[in-house]
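Examining the three-dimensional arrangement
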Amino acid sequence: MSICQDLGLNFQQRMGATASQLEKDIGSEQFPPNEHYFGLVNFGNTCYSNSVLQALYFCRPFRDKVLEYKAKNKRTKETLLTCLADLFYSIATQKKKVGSIAPKKFIARLRKEKEEFDNYMQQDAHEFLNFLINHINEIILAERNQSTLKLQKTTGSGESVTCNGTVPQNSEPTWVHEIFQGTLTSETRCLNCETVSSKDEHFFDLQVDVDQNTSITHCLKCFSDTETLCNDNKFKCDNCSSYQEAQKRMRVKKLPLILALHLKRFKYMEQYNRHIKVSHRVVFPLELRLFNTSDDAVNPDRLYDLVAVVVHCGSGPNRGHYISIVKSHGFWLLFDDDMVDKIDASAIEDFYGLTSDIQKSSETGYILFYQSRDASC
Amino acid sequence: MAVQSDSGGKDDVKTQFVTREGTYRLMTLSEYSRPNRVGYTSGSGSTHVRVSLVTLPPGAAPGSDGPTSEDRICFNHGKELYVYVYKGIKKAADLTKPVDKKMYKGTNPTCHDFNTVTMTPDSVSLVIGFSTGQIQLIDPIKKELSKLYNEERLIDKSRVTCIKWVPGSSNLFIAAHASGQLYVYNEELTCGTTAPQYQLFKHGDGYSIHTCRTKSTRNPLYRWIIGAESCINEFAFSPCGTNLAVVSQDGFLRCFHYDTMELVGRARSYFGGFLCVCWSPDGKYVVVGGEDDLVTVWSFSERRVVARGQGHRSWVSVVAFDPYIVSLGEPDTEDTREDKSESAQSYRLGSVSQDTQLCFWDLTEDVLKPAVRARASTHLSPNSNNICSNGIPSTKVLQKCPKNNKIGHKHAELGGNNAAGEPSAAKAAKSKTNNISTLNINVGKAKEEASGSLGVNFTQRLAALSFGERRSDHRRNFSLTKSTDKSSAANTVALRGKSAGAQTNDSCDPVKLIGTPSCPRFDECPVLEPLVCKKIAHERLTALLFRSEYFITACADGCVNTWSRPLRSAPGPTRRDRVDLTD
């Protein structure tokens, strides 16, 4: 993304044209009531944030909860969550149906919260998403702890809350957990004593490797392929009380309401001493079920619909641009910073990737958001 | 080209592979493509390269300069369409001398089909669909003919996704569109100068059929609206021409009796759209491939998904039965299987995918036979019984429903028995065999009835198995005033009205369909593994056709390849030695 130096001018010129164009494209009768399509102004390489925020805004369960938070928490001290809630509220209560908005307060807060984002460099959209989700969750937990402390001062806060996608066992899940959290169960079979041990861990998203000319379904299956732990990576078997060779596989035990899939498109290449973008063509269907569920999975038949995709455009992690495509009321929209366009569902195939490595630059799906169908109806 | 071995890099493109019948080889000199491929990138838009092949009737070839081939091949690539003399496994024709070559502006040809009824030694009708919705009819040999349909895009603006001549018809063809509509055209009629006004002709669960409201007959004769505006990806007539299977982006396979326009059965993908469809040579099974990376086998007589094939790493773009292996496979079954049932039959299925791989599958009796069904039904949730096996209420089917339900109950009982005395699998199997015999009889009876009511004799259908042969007595009545049709349509509507509240809405909801015969849970349905799975191209594969001497593949970069079959040992009872499935 070239930093928009002539942002102000450019933006005003564009706004008038695209705003009316989008309304025309959708049609006044078709325009969903109470829905607003607002682009987000770029403050110099903040497209990584804009694209993720738009995707999250169109994950309805998430948006609803954020707006609910806004309604419940009238005057609290400013956090990243209150900034996000204000931003979502501001979009949701616009008089106009289309336009653009400057997420100034949110970006300012973000730069205060995390040093890594306090600059004008391009950031990784997935790192941002990861940070945002975890951070919001921490805020909710902290606020909850505070209120419980106020209520009952007799018992101390008890367990310390470390939140790296995990819930302390005896703590109520937050709405962030309820929306994004799934459970992976990793089964390890010691090749010496044949004992199978399994361990559950929670996740907010699944990070999958990408192969050329495959589907996201296949990438997810590979994610759950059996892996042999050997050499330097042996498994400490409790039964044998020693390091042993073992086989391990990870399968999904609890399927989240919104399944976020991160395609690992930035690979570190030793020969170049930097990260290289992998533009492989990975198709993703509009509808998804998981094959890699565990035998004791709670809801293995869960049917997902694709609701948003964060797309990386360009040749590498530190250059390029992020945009997002989202589904809203049955049609697809493309958010490119302050610009919003209606696109045909068939245009999604432009973001699968490239079948050859000749071209340097590509526009490829980077984070996929699948929403469980039972969540929407 | 060097022959790659499997032990080497896994991603090498194979130029030969071995199955139990022998070695298939890529005929590197038999490659067809545009004449000059240098500097040509596949460009914008989807690159669904399709292949049509026709064998012209042998005629007194005027210039008899050696044995020229009667085969003509047609393929599209980007904006271009080529027709060549096709020489099979022999060296390809001179690519600079196509029989016909078309280049289009502002639109891409997407699909095409030769008419095998009207063809002569020196003429053939080729119907072509385009990305912008138009349809063209040409004669690539005589070059006199050129007609356009939907020229002003008044009928449909969306991409033509599949076009085929109605089996046995000299002048009717069907075009499916991305809009989810399917039109029946008569090539002799015009399309009119105004947008067609439609009136409802018939409707059923998830589809409706319309005719034009005009005094003079015009195109389209019929408009079928299937599903809710979701792209129809492909359709295929059963080998006997009676049934039409349609697959759509909404993830449904819908099977219609073409003449009565009744929906006779349905299946749902595990997830995502169904992209391709084909019939087994005997019309007993419909196989579909789709965005769930699976190959799904649906039994026409039982109206249920009987198996799923898992092996592709991406979406399945074409499925095709190899009709020449069905007969080949049969002698083998005697000595290789313990089970020597007389109806023993196995099918060979091929599939190609966006993963650049070709898969062969053996659909064997142990997977397809009803015994599996009995086992599978033990897992069925109890409420699945009140949905009749095809899940669709309609007049025709309703008559048969009691019978079907009975079978369903039998299975349920069976399931119960098995479940009760389950722990030892061997015991269960023993107890099952007894029941199965009665079961088979029942199913057989139901089949007879079904075939009776559809006016098609199953044995006759089997007899007419040979590929490409069309039933000559196949006639269609397109008179719109046919009163019987109308009244039966009215009946259907009325009946539907009654049942609508109970079933219609649920029956299309994929969340509710899971666990039913149209979409069994993944662990409740046999999962097949491919016999072979080979990467045979650098680009995604888009076509697969089987012929007696070879098979043809095509991929998105516009290359059409021919693969020779294993050398056949002398025909007759001589049994070939079985080759292990290694390569």
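- With an unreviewed UniProt entry as reference, chain B is termed WD repeat-containing protein 20, source organism Pieris brassicae.

- Looking at an unreviewed UniProt entry, one finds chain A named ubiquitinyl hydrolase 1 and attributed to Pieris macdunnoughi.
- Quoted verbatim from the Catalytic activity (unreviewed entry) heading of the UniProt record, the comment on chain A is "Thiol-dependent hydrolysis of ester, thioester, amide, peptide and isopeptide bonds formed by the C-terminal Gly of ubiquitin (a 76-residue protein attached to proteins as an intracellular targeting signal)."

As for the overall build of chain A
- Secondary structure summary: chain A contains nine helices and 20 strands in total.
- In chain A, buried positions account for 41% of the 377 residues.
- Counting only contacts in chain A whose residues sit at least 6 apart along the sequence, the fraction spanning at least 24 positions is 68%.

Topic: the UniProt feature "repeat: WD" (unreviewed entry) in chain B
- The sites that UniProt annotates as "repeat: WD" (unreviewed entry) are residues 267-308 of chain B.
- For residues 267-308 of chain B, helix accounts for 0% and strand for 60%, while the C-alpha atoms at its two ends are 12 Å apart.

Brief notes about the sheet that holds strand 6 (residues 100-103) of chain B
Residue and element names in this part refer to chain B.
- One open sheet accounts for four strands, arranged 3-4-5-6; its pairing is antiparallel. For this open sheet the edge positions go to strand 3 (51-55) and strand 6, each flanked by a neighbour on one side alone. Taken over all neighbouring pairs, the strand axes of this sheet differ in orientation by 15 degrees on average, direction set aside.
- Two elements, strand 4 (residues 71-77) and strand 5 (residues 80-86), share seven bridges in a ladder whose sense is antiparallel. Bridge pairing links F75 to Y82 in strand 5.

Observations concerning the sheet that holds strand 1 (residues 16-19) of chain B
Residue and element names in this part refer to chain B.
- As summarised here, the arrangement of the five strands in space is 1-2-32-31-30, forming an open sheet in which the pairing is antiparallel. Lying at the two open borders of the sheet, with one neighbouring strand each, are strand 1 and strand 30 (541-546). Ignoring strand direction, the axes of neighbouring strands in this sheet form an average angle of 20 degrees.
- Note: strand 31 (residues 550-555) against strand 32 (residues 560-564), five bridges, orientation antiparallel. Following the sheet pairing, F551 is matched in strand 32 by W563.

With respect to helix 8 (residues 216-223) of chain A
- Listing the buried residues of helix 8 of chain A in full gives I216, T217, H218 and C219 of chain A.
- As for helix 8 of chain A, its buried residues are in contact with strand 5 (206-209), strand 6 (214-215), strand 11 (258-264), strand 14 (282-283) and strand 20 (362-372) of chain A.

Comments concerning the pairing of strand 20 (residues 262-268) of chain B
Residues and elements named next belong to chain B.
- Most of strand 20 sits out of view: seven of its seven residues are buried.
- The sheet contact formed by strand 19 (residues 252-257) and strand 20 spans six bridges and is antiparallel. By the bridge assignment for strand 20, L253 is matched with A267.
- Hairpin remark: strand 19 followed by strand 20, antiparallel, with four residues in the connecting loop; positive phi at M261, about 60 degrees.

Observations concerning the packing of helix 4 (residues 80-92) of chain A against helix 5 (residues 104-113) of chain A
All names here are of chain A.
- For the pair helix 4 and helix 5, the least separation of the axes is 9 Å and the interaxial angle reads 165 degrees. Classified by the interaxial angle, the pair formed by helix 4 and helix 5 is roughly antiparallel. At the point where helix 4 passes helix 5, the crossing takes the left-handed sense. Taking contact as the criterion, the partners of L80, C83, L84, D86 and L87 in helix 4 are, on helix 5, K105, F106, R109, L110 and E113.
- Class assignment of the residues belonging to the contact of helix 4 with helix 5 gives a composition of six nonpolar, no polar and four charged.

Some remarks on the packing of helix 3 (residues 60-72) of chain A against helix 4 of chain A
Residues and elements named next belong to chain A.
- Close contact between helix 3 and helix 4 brings their axes to 9 Å; oriented N to C, the two are set at 105 degrees. As far as their axial angle goes, helix 4 and helix 3 are roughly perpendicular. On helix 4, the residues that touch R63, V66, L67, Y69 and K70 of helix 3 are L81, L84, A85, D86, F88, Y89 and A92.
- Residues of the contact of helix 3 with helix 4, tallied by class, amount to nine nonpolar, no polar and three charged.

Concerning the interface of chain B and chain A
- Contacts between the two partners involve 21 residues from chain B and, on the opposite side, 18 residues from chain A.
- Partitioning the side of chain B that touches chain A into residue classes produces seven nonpolar, six polar and eight charged.

Remarks on unusual backbone geometry
- For the peptide bond that leads from N219 of chain B to P220 of chain B, omega is -10 degrees, which places it in the cis range.
- Residue position: P220 of chain B is located in the loop between strand 15 (207-212) and strand 16 (222-226).
- In the Ramachandran plot, S241 of chain A falls in the positive-phi region, its phi being about 55 degrees despite a non-glycine side chain.
- Note on placement: S241 of chain A falls in the loop between strand 8 (235-237) and strand 9 (242-244).
- Its identity as a non-glycine residue notwithstanding, R153 of chain B has a phi of 60 degrees, on the positive side.
- Within the secondary structure layout, R153 of chain B lies in the loop between strand 10 (146-149) and strand 11 (160-165).

Procedures and definitions
Residues numbered from 1 in each chain as written. Chains lettered and ligands numbered in written order. Predicted model: local features only at pLDDT ≥ 70, side-chain atom pairs only at ≥ 80, totals over all residues. UniProt positions renumbered as here; feature names shortened; annotations may be inferred. Helix = DSSP H or I, 4+ residues; strand = E, 2+ residues; numbered from the N terminus. Buried ≥ 20, exposed ≤ 12 C-beta atoms within 10 Å, placed from the backbone. Contact = placed C-beta atoms within 7 Å. Pairing = 2+ DSSP bridges. Axes fitted to C-alpha atoms, helices over the stretch in contact; angles between N-to-C directions. Parallel < 35°, antiparallel > 145°, perpendicular 65-115°, else oblique. Left-handed = near helix turned anticlockwise from the far one by under 90°. Nonpolar A, V, L, I, M, F, W, Y, C, P; charged D, E, K, R; others polar.

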